[in-house]
Amino acid sequence: MIRKLVAAVLMTAFPLWTLGQDKAADAVTDPVSQYRAQATEKWEAEIVKLEERDRSHSDPKDAILFIGSSSIRRWTDLDADMSPRKTINRGYGGAKFSDLAVYIDRIVSPHQFKALVIFVGNDIVGNKDDKSPAEVARLFNYIVSQVRKTHATQPIFLIAITPTPSRFKVWSEIRSANAELAKACEADKALYFIPTEKSYLDEAGKPIEKYFVEDKLHQNREGYQVWSSIVKEHLDRVLGTGK
């Protein structure tokens, strides 16, 4: 009787156990499997548009490739702000690190560039789907590993997540994510973390609102001028002035 009961329990548990094994195997073969379906549903059309642009435009020689979320996409004066360097802008929508991880090969591999600049600011916003700082860093490391498959030596710059008025309620978590990202960059001599916090907080430690448009999330022209000066300083330090 006892043997039959044990056997029945094992047979009931076996499908759940094998399901767990399947999920673990998927995570090994595809480290971003849990994000792939949602990212595809939301961003596939946008990525196709970027690919169409890649086919219709030639990249400038020795350009700096900028990728990431809407703050990159909305940087309409990027080329002028980075002058005399040439730039390629492949920012899109409100992308998260998880979205970028899913699409990183399709965004980066078509391009030849002197350096890569990344900014993503949407994984911690104050809702139930927020990622932990550790998960943000894991996704960034995965992104770097995928970039290295086609661009083994180019410097990669990561711009810190900006303190913004609209998301300041979760600034402590964002700040922790920045710390994890900075640590990830310190582990690789070809990775460079670009801190921005001091330039966007006032003496009271609050975001400087004059740098942002009405949504208190995206930067206005004055904010982009601050951003560009910080980014250029770091590019100059690593690549040489204006090269």
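Residue positions are given per chain, counted from 1 along the sequence in the order it is written. In keeping with the predicted nature of the model, local features appear solely for residues at pLDDT of at least 70, side-chain atom pairs appear and are counted solely at 80 or more, and the whole-chain, interface and lining totals rest on all residues. Side-chain descriptors were evaluated using all non-hydrogen atoms of the structure, hydrogens and water having been removed beforehand.

(A) Main features of the overall build of the protein chain. Looking only at helices and strands, one finds nine helices and five strands in the protein chain. Mapped in sequence order, the helices and strands of the protein chain form the string α-α-β-α-α-β-α-β-α-β-α-β-α-α. Each residue gets one of three labels from its accessible area relative to the maximum for its type: buried under 20%, exposed over 50%, partly exposed in between, using a 1.4 Å probe on protein chains only. Within the protein chain, the proportion of its 243 residues that are buried is 47%. What makes two residues a contact is simply this: any of their non-hydrogen atoms within 4.5 Å. Partitioning the contacts of the protein chain with sequence separation of at least 6, the portion at a separation of at least 24 is 72%. We get accessible surface area from the Shrake-Rupley algorithm with a probe of 1.4 Å; when it comes to residues, only the shown protein chains can shield them. As displayed, the protein chain has an accessible area near 13,100 Å², and 54% of this comes from carbon and sulfur atoms. Runs of H or I in DSSP of at least four residues are treated as helices and runs of E of at least two as strands, each being numbered from the N terminus.

(B) Molecular detail of the pattern of salt bridges. A pairing counts as a salt bridge when a side-chain nitrogen of Lys or Arg comes within 4 Å of a carboxyl oxygen of Asp or Glu. What the rule picks out here adds up to 15 salt bridges. Across the salt bridge formed by R221 and D77, the nearest N and O atoms sit 3.6 Å from each other. Residue R221 is located in helix α9 (residues 221-239), and its partner D77 is located in the loop between α3 (70-73) and α4 (78-82); the two are separated by 144 residues in the primary sequence. The exposure class of R221 is partly exposed, given its relative accessible area of 34%.

(C) Inspection of the nonpolar core at higher detail. Working definition of a nonpolar core: buried Ala, Val, Leu, Ile, Met, Phe, Trp, Tyr and Cys residues. They are joined through side-chain atoms within 4.5 Å. In terms of nonpolar packing, the biggest core is built from 47 residues, with I67, Y92, F97, L100, I118 and F140 touching the most fellow members. Secondary-structure elements contributing two or more residues to this core are α2 (33-56), β1 (64-68), α5 (97-108), β3 (115-119), α6 (133-147), β4 (156-159), α7 (171-186) and β5 (191-194). Considering every element that reaches this core, the biggest residue donor is α5, with eight residues. If near-sequence neighbours (up to four positions away) are discounted, I67 is found in contact with I72, R90, G91, L100, I104, I107, V108, L116, V117, I118 and F119. In terms of nonpolar packing, the next biggest core, distinct from the first, is built from 23 residues, M82, F119, I208 and Y211 among them.

(D) Structural detail: the packing of aromatic side chains. Ring pairs shown here join Phe, Tyr and Trp side chains whose ring centres sit within 6.5 Å, with only the six-membered ring taken for Trp; geometry is labelled stacked below 30 degrees between planes, edge-to-face above 60, and tilted in between. Across all of its chains, the model carries 10 aromatic pairs by this definition. Geometrically, the ring pair formed by W43 and Y92 is edge-to-face, given 5.1 Å between the ring centres and 80° between the ring planes. In this pair, W43 is assigned in helix α2 and Y92 in the loop between β2 (87-91) and α5, connecting sequence segments 49 residues apart. When sorted by exposure, W43 lands in the same class as Y92, which is buried. With 6.3 Å between their ring centres and 15° between their planes, F168 and W171 make a pair best called stacked. Its relative accessible area of 8% is what places W171 among the buried residues. Pairwise contacts between aromatic rings join F66, W75, F119, Y224 and W227 into one cluster.

(E) Up close: α9. Helix span is expected to be 1.5 Å times the residue number reduced by one. Spanning 19 residues, α9 covers 26 Å between terminal C-alpha atoms, matching the ideal 27 Å at 1.5 Å per step. Residues of α9 that are buried: G223, Y224, V226, W227, S228, I230, V231, H234, L235 and L239. Polar contacts, as counted here, are pairs of nitrogen or oxygen atoms within 3.5 Å of one another; within protein the pair requires one atom able to donate a hydrogen and one able to accept it, and residues that are adjacent in sequence qualify only if both atoms are side-chain atoms. Here α9 starts with a cap whose side-chain oxygen sits 3.1 Å from the backbone nitrogen of E222, and that cap is N220. At the C-terminal side of α9, G240 shows a positive phi close to 100°.

(F) Spotlight on the pairing of β3. By the criterion of burial, β3 is predominantly enclosed, with five of the five residues buried. Burial of the side chains of β3 extends over both faces: A115, V117 and F119 are buried on one face and L116 and I118 on the other. In terms of strand pairing, β1 meets β3 through five bridges, oriented parallel. Bridge pairing in β3 places G68 opposite F119. Pairing between strands is defined by DSSP: at least two bridges between the two strands are required. The pairing of β3 with β4 spans three bridges and is classified as parallel. By the bridge assignment for β4, L116 is matched with I156. Taken together, β3, α6 and β4 constitute a β-α-β crossover, and its handedness is right-handed. With the strands aimed away from the viewer, a crossover counts as right-handed if its path from the first strand over the helix to the second runs clockwise.

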